[in-house]
Amino acid sequence: MADESKLKGNAAFSAGDFTGAVAHFSDAIALSPTNHVLYSNRSAAYASLHKYSEALTDAKKTVELKPDWSKGYSRLGAAHIGLGQFEDAISAYKKGLEIDPNNEPLKSGLADAQSAASRSRAAPPPNPFGDAFSGPEMWAKLTADPTTRPYLQQPDFVKLMQEIQKNPNNLNLYLKDQRVMQALGVLLNVKFRNPTQEDAEMPEASPSSPPSERKRAAESEPVKEEKEPEPEPMEVSEEEKEKKERKAQALKEKDAGNVAYKKKDFDTAIQHYSKAIELDDEDISYIMNRAATYLEMGKFEDCIKDCEKAVERGRELRSDFKMIAKALTRKGTALVKLAKCSKDYEPAIESFQKALTEYRNPDTLKKLNDAEKAKKELEQQEYFDPQKADEEREKGNEYFKQQKYPEAIKHYTESLKRNPKDPKAYSNRAACYTKLGALPEGLKDAEKCIELDPTFSKGYTRKGAVQFFMKEYEKALETYQEGLKYDPQSQDLLDGVRRCVQQINKASRGDLSPEELKERQAKAMQDPEIQNILSDPVMRQVLVDFQENPKAAQEHTKNLMVMNKIQKLVSAGIVQMK
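Attention here is on the structure that accompanies the text. All values derive from a computational prediction rather than experimental measurement.

The rules behind each value
Residues numbered from 1 in each chain as written. Predicted model: local features only at pLDDT ≥ 70, side-chain atom pairs only at ≥ 80, totals over all residues. Heavy atoms only, no water. Axes fitted to C-alpha atoms, helices over the stretch in contact; angles between N-to-C directions. Helix = DSSP H or I, 4+ residues; strand = E, 2+ residues; numbered from the N terminus. Parallel < 35°, antiparallel > 145°, perpendicular 65-115°, else oblique. Left-handed = near helix turned anticlockwise from the far one by under 90°. Contact = heavy atoms within 4.5 Å. 1 Å grid on protein atoms, 1.4 Å probe; cavity = no way out; pocket = protein on both sides within 12 Å on 5 of 7 lines; lining within 4 Å. Points joined across faces, edges and corners; volume = space filled by probe spheres on them. Nonpolar A, V, L, I, M, F, W, Y, C, P; charged D, E, K, R; others polar. Salt bridge = Lys/Arg side-chain N within 4 Å of Asp/Glu carboxyl O. Buried < 20%, exposed > 50% of the residue type's maximum accessible area, 1.4 Å probe, protein only.

1. A short note on the packing of helix α20 (residues 423–436) against helix α22 (residues 457–469)
Alright, step 1. As a packed pair, α20 and α22 sit with axes 9 Å apart at the nearest point and diverge in direction by 20°. Taken together, the axes of α20 and α22 lie roughly parallel to each other. Taken as a pair, α20 and α22 cross one another with a handedness that is left-handed. Facing α20, whose interface residues are Ser427, Asn428, Ala430, Ala431 and Thr434, α22 presents Lys458, Arg462, Val466 and Phe469.

Have a look at this one:
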């Protein structure tokens, strides 16, 4: 019975019915609560519904039940990304890669998480609707409008609006609440199309809890510092005097070496640095300078020896960790210079990684990234074999015909390793990902296919199909139409256009159910293009004219740019043309 429910869930997922998939997987879990695959599948379905908290719970359960299964960490990373927890996502993908270092979805997910983490560190762009929630005018408008006045008697709504007023960038988190959509329409002077009162669900008001009292910590009295007696001068032994003189002489040799180095008189610089090392073996900067000189001279093996000596001596002396990191970085640089094949980059990468554990220097991080990139490029060059790539692609095609999509993906991936410039392999793998419901991966492969060969119509078919399943009908329509420029007779592209038009017209006719309308509106309000249209004063006036001034509206219909924007709002379910 559990297997039957699982198959139904997989079928629903492949058809884009993610809610149905969740229900079937839940039935299967009830019958087989220790099956990790079921939790993994339901996590993917929840993620497709943007219910990332539920997806995270299932992903954690997957990993708990099967900690050595790499796919569980892929689900875990995807859920963390959906919740904006990018560092946790990076950690999850790395754990998965420890189990399966060659897993491409994990590598791709890690790269996406790292990229998102970098972007998230930058200041978020201001919400275009921020002005609508500023100042006391917001409360005055909501009180004046009869449709929103009753909401102000509901403590949970008032608290929610206060949260949005504090941080308008959080607006997207509350758009599924129909009261927020209604309030936004009032504040923007735009009448959004809403589900009927009978169908619309209204959250129950919850009593507001009194604020907790804060306790102030008592301030401690300042402590008066007693002046310590100055130590009496100590007598310095002859040995100490000699050591001090040697250190001073070593510094002079170092300075002389620096002067010679700047003049590119490297032989002389080496002599001075070597003398400084003889005079004072408790300062690893002299060894480091000599290593830098060897690097400039192209004596990479001598440079590596000095760097290793600096690290060893530095640890004995407990030198500054930044100096240890610098020595390891310089060693890695020399190893990169000696590299002739992909394997030669491995010790260099290891040296850079060790340096970063000592001190996270941006320059070292860049050198590490460059080395890893160079290693990967050389591996591809060494692995490049178009004939074997074609053989692997054909094997993938056979598995695809048998509906064994994971096996097909494995062979398509191997084909791409053998020939990374083959658009057909990307197209075929995109089709597999789509069948498995891995829509982000499918979209990525389809876009790569188009990038490699913009005239290959299959790429547009794959991309349009993914966008259609993601319910981005406008974007899917544009993709299909772009593909028809290169292959006007393609039946797949023509069928795709027909399906998209049907869905778009469904919104135009008002045939959407209340749930479909709410989902489409909430998704649309997160689209930057829709946000820009609604925040544009000109378009806001156009919408008012369509509601109140038929003569002005008639003039607006002659403006192609305005009508294109109106059509986008209609397709998004924001407004309805009657």
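2. Focus on the layout of surface pockets
Over the atoms a probe the size of a water molecule is rolled, and this reveals where empty space is left.
Alright, step 1. Here the second largest pocket defines a volume of roughly 2,400 Å³.
Alright, step 2. Taken together, 45 residues form the lining of the second largest pocket, with Glu104, Lys107, Ser108, Ala111 and Lys376 sitting closest to its centre.
Alright, step 3. Here the lining of the second largest pocket gets 11 residues from one element, more than from any other, and that element is helix α17 (residues 362–383).
Alright, step 4. In terms of residue class, the lining of the second largest pocket is built from 17 nonpolar, eight polar and 20 charged.

3. Comments concerning the pattern of salt bridges
Alright, step 1. Evaluation of the coordinates by the stated rule reveals 31 salt bridges.
Alright, step 2. Salt-bridge contacts for Arg179 lead to Asp156; the nearest nitrogen and oxygen are separated by 3.1 Å. Remark: Asp156 occurs in helix α9 (residues 155–166) and Arg179 occurs in helix α10 (residues 178–188); sequence separation between them is 23 residues.
Alright, step 3. Between Glu392 and Lys395 there is a salt bridge, and its shortest N-O distance comes to 3.8 Å. A residue pair is termed a helical-turn pair when its members lie 3 or 4 positions apart in one helix, as Glu392 and Lys395 do in helix α18 (residues 386–401) at three residues.
Alright, step 4. Given a relative accessible area of 41%, Lys395 falls into the partly exposed group.
Alright, step 5. Each of Lys243, Lys247, Asp280 and Glu282 takes part in salt bridges that share partners, so that together they form one network.

4. What to know about the environment of Gly483
Alright, step 1. Along the chain, the position of Gly483 falls in helix α23 (residues 473–484).
Alright, step 2. In this structure Gly483 comes out as buried when scored by relative accessible area, which is 0%.
Alright, step 3. Sequence separation between Gly483 and Gly464 is 19 residues; the distance between their C-alpha atoms is 9.3 Å.
Alright, step 4. Not counting residues up to four positions away in its chain, the partners in contact with Gly483 are Tyr460 and Leu493.

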